[in-house]
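# Structural features, examined
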Amino acid sequence: MSSTTLPAPEGSPLPRDHSDLAELGYEQQLHRSLGKFASFAAGFSFVSILTTIFQLFALGFSFGGPAFFFTWPLVFLGQFMVALNFAELAARYPISGAIYQWARRMGGEIIGWFAGWFMIIAQIVTASAAAIALQVVLPSIWSGFQIVGDDPALTSSSGATNAVILGSVLLVLTTTINSIGVNWMSRINSIGVTCEIVGVIALVLVFFTHAQRGPQVVLDTGAAGAEPGYIWAWIVSGLMAAYVMVGFGSAGELAEETHNPRRVAPRTIRLALSASALGGGLMIVGALMAAPSLTDGNLATLGLPYVIDSILTSPWGTVLLIDVAIAVFICTLAIQTAASRLMFSMARDGRLPASELLSKVNSKTGTPIAPSVLIGIACVAVLAVNVGNAALFTTLTSVCIVLIYLAYMMVTVPLLFQRLKGWPRGGVQVDAEGKKLFTLGWVGIPVNIAAVLYGGLMVINLSWPRAEIFNPTGEYPILQWAAPLTVLTVIVAGIACLPRGKAHPKPVQIGA
């Protein structure tokens, strides 16, 4: 098969996109209706800096003080190396189930299957973690959202129960939206992302216009008298950025529903991560500059809400909280959408139990309804853990990020081996508009090496058995080892579930 993709006839990119998919061994089943902004919104809303930084700012500050800011650009640079590799793969393999499909083509059936297995589990837990964030926001907007009891704290019995109720309602909504069609999903997601971007800009402006100190605050370690050991605390503080900057590859998950995905997906993967990093970095610096105090302990316990409450009075504080709630909603929607497309892609290849059911696409909505429903049910089940043990739920959400990084490495490591063998081979490839595909060219090997090294170091950092991360209360010593134990459990379960035989269809190496 030729390694050159011919351009479509002028004015008809859709048949060309269908033909691209056919060359890779698949029929066009999903409705191809997403444009550039909708594709960008998928990646940006998965990262959802307004949700994640709102939740995790206190974690970074509590360990590293103001200087934890520098972990943000460092993690971004590492993840951008990963994103560049993903972008090059997205241009050549514009298929749903991106991580699974890329790992499968670069590393073979077993590596591809485990990459998909890790990502499905991680995305289910991540969606649950996003949904539970409503409990942090909604009762602050209106006390009526506290349906059970009167203590909204996630660690309290009433707060934990209420969080499950609110999160379950949200998951029912996102499951419904994902089932009725990608057009509805993309419209809601695009509106939500627009609101989030406006909210981030507004928040940054508020912080900078209420600054009580200059940007040099980021040089403050907040650890006077303890500098010799500061580097270790700073490394731990980097977990905040590591938790936030994942999911930027979601544009690849929706490739079969995007016009000219060979060009759009690579661009939006890079743009979603870059925009998130820029907005998030400005939010962190602004919060440090505007905080009433850096030493009273509130930043380390309350995080961004402490800064916002000290600056904004009602109704503007309430408006911002509503915007955060919208961000939580679209974040949950985006994660569930990505997970359902991954499950659909694996089932279409016959790699999951009940593959025939999970690979069916509704002809009217153009969406795989069964995966969306199954993901929603699984998310509610994970969410229910919080009622019995909030510490265990928090630990699970931390560990799932390790699974995501491992899945990423199941793409970047085999890809590096393929590069050393001469990938990509063949002539120049073009997209549906006749334009040259994104390629790293001669920098591909060093960028790939950087991505692998970064991924390995971050997996170690995320998995390290730290009591202060995995068992902060000291009640459950075994939770300190949650990351390696969970990864081992997932691997053993994966071996037990590993399908026998080859996937169908056999992967086609376009320009390999």
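Residues numbered from 1 in each chain as written. Predicted model: local features only at pLDDT ≥ 70, side-chain atom pairs only at ≥ 80, totals over all residues. Heavy atoms only, no water.

### Re the pattern of salt bridges
Test applied: A pairing counts as a salt bridge when a side-chain nitrogen of Lys or Arg comes within 4 Å of a carboxyl oxygen of Asp or Glu. In DSSP terms, a helix is any run of H or I states spanning at least four residues, a strand is any run of E spanning at least two, and both are numbered starting from the N terminus. With a 1.4 Å probe rolled over the protein chains alone, any residue whose accessible area is under 20% of its type maximum counts as buried; one over 50% counts as exposed, and the rest are partly exposed.
In the structure shown here, the tally under the stated rule is five salt bridges. One salt bridge connects Glu88 with Arg419, and the closest N-O pair in it is separated by 2.6 Å. With Glu88 in helix H4 (residues 71–92) and Arg419 in helix H20 (residues 390–420), the pair connects residues that are 331 residues apart, well separated along the chain. Among the residues examined, Glu88 registers a relative accessible area of 0% and is labelled buried. With a shortest N-O distance of 2.8 Å, Asp349 and Arg104 are connected by a salt bridge. Placement of Asp349 in the loop between helix H16 (316–348) and helix H17 (355–358) and of Arg104 in helix H5 (residues 98–107) is noted, with a sequence separation of 245 residues between them. Accessibility expressed as a relative area gives 2% for Arg104, which makes it buried. Here the salt bridges share partners, and the residues they tie into one network are Arg104, Glu109 and Asp349.

### Concerning the state of the cysteines
Note on terminology: a disulfide is the covalent bond linking the sulfur atoms of two cysteines. Quick note on the threshold: Here, a disulfide means two cysteine sulfur atoms that sit within 2.5 Å of each other.
This model, assessed by the stated rule, comprises zero disulfides. Unpaired in this structure, Cys331 has its nearest cysteine sulfur neighbour in Cys400, at a distance of 11 Å. Take Cys331: its relative accessible area is 3%, and that puts it in the buried class. Of all cysteine sulfurs in the structure, the one in Cys379 sits closest to Cys497, which takes part in no disulfide; the separation is 18 Å.

### With respect to H20
Convention followed: Here the expected span of a helix is defined as 1.5 Å times the quantity of residues minus one.
In a regular helix each residue adds 1.5 Å, so 31 residues correspond to 45 Å; H20 covers 46 Å between its end C-alpha atoms and thus fits that length. In terms of residue burial, H20 counts as a mostly covered element, since 24 of its 31 residues are buried.

### Quick notes on the environment of Thr71
Examined against the element boundaries, Thr71 turns out to sit in helix H4. Sequence separation between Thr71 and Ile235 is 164 residues; the distance between their C-alpha atoms is 7.8 Å.

### What about the confidence of the model for the protein?
The test is simple: The predictor reports its confidence for every residue as pLDDT, a score running from 0 up to 100. Contacts: residue pairs with any heavy atoms within 4.5 Å of one another.
When pLDDT is averaged along the protein, the result is 88; 92% of the residues meet or exceed 70. This model gives residues 1–14 a pLDDT under 50, and the stretch forms 32 contacts once residues within four places in sequence are excluded.

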